[in-house]
Amino acid sequence: MKTKALLKSFASCLIAIFTISAHAQISTNELPPSFSSALFSVRSGDVINLPIPDVAEALHEDSLFADMKDIPYRIGLPIIVNYTLENSGNWHVLGDSVRVWRLRLHVDKAKALSLNYDRFWLPEKAKFFVYSADKTFCIGGFTDLNNKGAKKNPANFATGLVAGSDIILEYYEPINAIRGIISIDKVIYAYKDILTYSGNTRTLGFGDALSCNVNVNCPEGDGWQKEKRAVACIYYDGYLCTGALINNTSGEDYFLTANHCFSNYDAQGNSQINQMIFYWNYESKDCSNGTNFNPPTSSGAKLVANNEYSDFALLKLVESVRNIPAYIPYYLGWTRSSSLPTKGTVIHHPRGDIKKIAIDNNTLGKAINNTHWKATYDVGTTERGSSGAPLLNQNKLVVGQLHSGGIGCNISDNYGRFDVSWDYGSVATRRLKDWLDANNTGMMQLEARELLPEIVGTKFICDSSTYYIKNLPANAMVVWEYPTEPNSAPRPQFYTNYPVPNQCTIKNKYYYPYNANLVAKIVYNGNTLLTLSKEVISDTKSYPYATYIQEACPFYGVNHPSISGRVENSTFVHQGCMVRVTFNSDYDKDIYYDSSGGITHKPLFWNYHRPTKTLEFQLPYRSGGLPFAFILDGEGVCKKKRIIFFSYTGNGNAPASAYSLKVLSSSENIKEIRLVTDDVINERNGLNWNLEVYNVAYGTKVLEVKGMTDLSYTMDTSGWTSGMYVTRVIIGDEILTEKITVGK
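Given the structure is predicted, the values throughout are model-derived calculations rather than measurements. (Residues numbered from 1 in each chain as written. Predicted model: local features only at pLDDT ≥ 70, side-chain atom pairs only at ≥ 80, totals over all residues. Heavy atoms only, no water.)

A.B. asks: Which residues make up the overall build of the chain, and what are the values?
C.D. replies: Across its full length, the chain carries five helices and 57 strands. A sequence separation of at least 24 residues applies to 69% of the contacts in the chain between residues at least 6 apart. Counting only carbon and sulfur atoms, one obtains 49% of the accessible surface of the chain, whose full area is about 31,700 Å². (Helix = DSSP H or I, 4+ residues; strand = E, 2+ residues; numbered from the N terminus. Contact = heavy atoms within 4.5 Å. Areas by Shrake-Rupley, 256 points an atom, 1.4 Å probe, with all protein chains shown as cover.)

Shown next, in the form of structure tokens:
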């Protein structure tokens, strides 16, 4: 392969070699370009042979602590080194744009190797990979997104376990970039067998747990499938523990585990643990032990609070769990109640093995001066390496974390009590309350929280609807599926919003009726993590059919008769009478009063009963001739419907009215509004009246004349829209109304 083609693959190469296991610490999850072709030959200077640590002495020490659960489980020994980009390995220049640094480390008889870096910083567009000599185990690529410090003050870092006695480091850097910093200070030599084989692929799988352990995906764990996602295996400096994400009021990534897992760290001193690796989703797919595990990982944490009194440690993760490939975060809920739990369940990683579950079906006891809960298991057990695992009560809330206990099957364990850890310390770095309840609300418990992916978008499709996946796991792909049956029926059009694969659009320009399920498959490395479904509906029933009944009522001396009928585009009812409108519709509707379009009139009373789909209202005194508009909206309505009611008073508000109203038409477009009266005095003296005319179909005012003193007014309706109008005449306290028709 030519160099330029290889450089292109450097930017876009995805995992495509089936015999390779890419263990994705938060990274680009790809393979180095050298895997595609021999970019360069191995030189003797690329390989450094390291001495084997004293494994015999380590095994002897392990035997002395074999029955002490409150000591972290050790699988590796540190080899102190000092290797950098400047003092080791070899540089190669590819073309005119990329330089590559390679280093190979070898330690005889190692089960696996991991690396700690005392200084680590990468420039933009650089990539760093770590893999086994036979290329069956690879971690990377790491980029500037993994930097935990700055160029002038780089932080430490770690990369996880790689199978075998050889480990190769490969670093790609643009020639015009500032030189990166990669400084290795420890090689961790795994002297215990921590890997299993699947075909030619070596994968994580310690497999040393006692046979009385129960896998979390056995039937005993069926009710704990959400909670298990919070639990992770911890690895650093050759030691293993367990812990879990825990919910809090500030939405931070806090992780609860055991204090005895951190003998060299303290929240009030050396608290930054960037060289810690978290293994997530490390479990068998079913009840069997299985042989092929590729759990996603993250690295780095700060110890924000710890206390040996109840043996708790609270970490704040450096890398967000939202960025962990293929991981769906779940934060355990908790309670600080001091009541005895009536059941206890623990999810854990014994000896760093795949995720297990142990259950005590009875009321727990107290232990260690009442600072701990005591659990005796009816199902499963725990071991060294399970330290820090969360204890969940009968309500699936955290009540403690594993501290100490027996070794073997049919044992009892001691869990540091959550309620003791809550506020036993005198400062924030010695208690939980300041971190899990940052606003000091005093809450006694907090429910769990999960960031489950979901399809976001409208259920009902009108002309166009766009959908996307909320909480999409990092590096995951979305495969959208939209049913097209029956093929003979017209249907909306479906589009994937390339190049944004997280989105799709359904267009329905012609409002075809349709009902189907939109399906989204969340895919990572060719495996389906989750399948989501959302019902989508397109319907032509935009407007509901409605009827109304106006009660008979007396109002300000006028007796109005009962009237009823179908609600038309505009409907006339009498002021002051109760009106009930019933909507007959397939979908629920939102009905609200509309004051837009210059309409400022408000009903005297208005109420919409959603369950019965009934609208009740009264129109106020002196509202004759005025429009009152209501909007019909809600799910399933593609076009809002605006209905208008007019308050109709006839020719006078009282039987003793001094005036009546007539509308005369001398021609098609000429309308004469005439006041009729038998009162000669009023006819001749002090006459002052106003005229308003409203378009009945739209509720808009088309004419307003004020301060008239003659008994008639002639108006030219040329140019007016054909249809019905209502005239509103105001004479002092009297309102007169009359309908007129314009055009055909």
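A.B. asks: I'd love a proper account of the side chain of His106, names of residues and values included.
C.D. replies: Take His106: it is sitting in strand S6 (residues 98-106). On the basis of relative accessibility, which here comes to 16%, the residue His106 falls in the buried class. Within the local environment of His106, its side chain forms a polar contact with the side chain of Asp108, the two groups lying 2.5 Å apart. Leaving out residues up to four positions away in the same chain, His106 has contacts with Val47, Ile48, Asn49, Leu50, Ser165 and Asp166. (Buried < 20%, exposed > 50% of the residue type's maximum accessible area, 1.4 Å probe, protein only. Polar contact = N/O pair within 3.5 Å; in protein donor to acceptor, adjacent residues only side chain to side chain.)

A.B. asks: Now, about the environment of Val479: what can you tell me, with residues and values included?
C.D. replies: Along the chain, the position of Val479 falls in strand S35 (residues 477-481). Classification of Val479 by relative accessible area gives partly exposed; the value is 38%. Separated by 25 residues in sequence, Val479 and Cys504 place their C-alpha atoms 9.9 Å apart. With residues near it in sequence (within four places) discarded, Val479 still touches Val519, Ala520, Lys521 and Val523.

A.B. asks: So what's going on with the packing of aromatic side chains? Which residues, and what values?
C.D. replies: With the rule as written, the count across this model stands at 35 aromatic pairs. Ring centres of Trp334 and Phe418 lie 5.3 Å apart, and the angle between their planes is 25°; on these two criteria the pair is classed as stacked. Placement of Trp334 in strand S23 (residues 334-335) and of Phe418 in helix H3 (residues 418-423) is noted, with a sequence separation of 84 residues between them. Just as Trp334 is buried, Phe418 falls in that class too. Here the aromatic residues Tyr548, Tyr593, Trp606, Phe617, Phe630 and Phe645 are joined through ring pairs into a cluster of three or more. Across from the ring centre of Tyr331, 4.1 Å away, lies the NZ or CZ of Arg449, which sits over that ring. (Phe/Tyr/Trp six-rings, centres within 6.5 Å; stacked < 30°, edge-to-face > 60°. Lys NZ or Arg CZ within 6 Å of the ring centre and 35° of its normal.)

A.B. asks: How would you sum up the pattern of salt bridges? Please name residues and give values.
C.D. replies: Inspection of the entire model under this criterion finds 29 salt bridges. In this structure, the salt-bridge partner of Lys127 is Glu30, at a minimum N-O distance of 2.7 Å. Remark: Glu30 occurs in the loop between strand S1 (21-22) and strand S2 (47-49) and Lys127 occurs in strand S8 (residues 127-132); sequence separation between them is 97 residues. Given a relative accessible area of 4%, Glu30 falls into the buried group. Measuring nitrogen to oxygen at the nearest pair gives 2.9 Å for the salt bridge that ties Glu170 to Arg102. Of this pair, Glu170 sits in strand S11 (residues 166-174) while Arg102 is found in strand S6, placing the two residues 68 residues apart along the sequence. Beyond isolated ion pairs, a larger network of salt bridges with shared partners links Glu61, Asp62, Arg74 and Lys192. (Salt bridge = Lys/Arg side-chain N within 4 Å of Asp/Glu carboxyl O.)

A.B. asks: A description of the confidence of the model for the chain should follow, citing residues and the corresponding values.
C.D. replies: Close reading of the predicted structure is inappropriate where its pLDDT is low. Of all residues in the chain, 88% attain a pLDDT of 70 or more, and the chain-wide mean is 87. Across residues 1-23, confidence stays below pLDDT 50; counting only partners more than four residues off in sequence or on other chains, it has 55 contacts. (pLDDT = per-residue confidence, 0-100.)

A.B. asks: Tell me about the side chain of Asp353, and name the residues and values.
C.D. replies: For Asp353, the position within the fold is in the loop between strand S24 (344-348) and strand S25 (356-360). There is no salt bridge for the buried Asp353, and the closest opposite charge comes from Lys356, which lies 4.6 Å off by N-O distance. Within the local environment of Asp353, its side chain forms a polar contact with the backbone nitrogen of Ala209, the two atoms lying 3.0 Å apart. (Lys, Arg positive; Asp, Glu negative; His and termini not counted.)

A.B. asks: Got a sec to walk through the sheet that holds strand S12 (residues 181-190)? Specific residues and values, please.
C.D. replies: Strand order in the open sheet formed by four strands is S4-S12-S7-S10, with antiparallel pairing between adjacent strands. At either margin of the open sheet sits one strand with a lone partner, and together these are strand S4 (76-84) and strand S10 (155-163). Direction aside, neighbouring strands of the sheet carry axes that sit 20° apart on average. (Pairing = 2+ DSSP bridges. Axes fitted to C-alpha atoms, helices over the stretch in contact; angles between N-to-C directions.)

A.B. asks: Hey, could you go over the state of the cysteines for me, with residue numbers and the actual values?
C.D. replies: Evaluation of the coordinates by the stated rule reveals four disulfides. Across a sulfur-sulfur distance of 2.0 Å, Cys241 and Cys261 are joined as a disulfide pair. Its S-S torsion of about -100° marks the bond between Cys241 and Cys261 as left-handed, since a negative value means left-handed. In this pair, Cys241 sits in strand S17 (residues 239-246) while Cys261 sits in the loop between strand S18 (254-258) and strand S19 (272-280), placing the two residues 20 residues apart along the sequence. We classify Cys241 as buried; its relative accessible area is 3%. Given a relative accessible area of 1%, Cys261 falls into the buried group. (Disulfide = S-S within 2.5 Å.)

A.B. asks: Please set out the nonpolar core residue by residue, giving values where relevant.
C.D. replies: Counting 54 residues, the largest nonpolar core has Trp280 and Leu314 as the members making the most contacts within it. A total of five residues in this core trace back to one element, the largest contributor, which is strand S21 (residues 312-317). Once residues within four sequence positions are removed from consideration, Leu314 is found in contact with Ile246, Tyr254, Phe255, Leu256, Lys302, Leu303, Val304, Ala305, Leu432, Trp435 and Leu436. Judged by nonpolar contacts, the second largest core, of 35 residues, contains Leu77, Ala110, Leu122 and Phe128. (Core = buried A, V, L, I, M, F, W, Y, C linked by side-chain atoms within 4.5 Å.)

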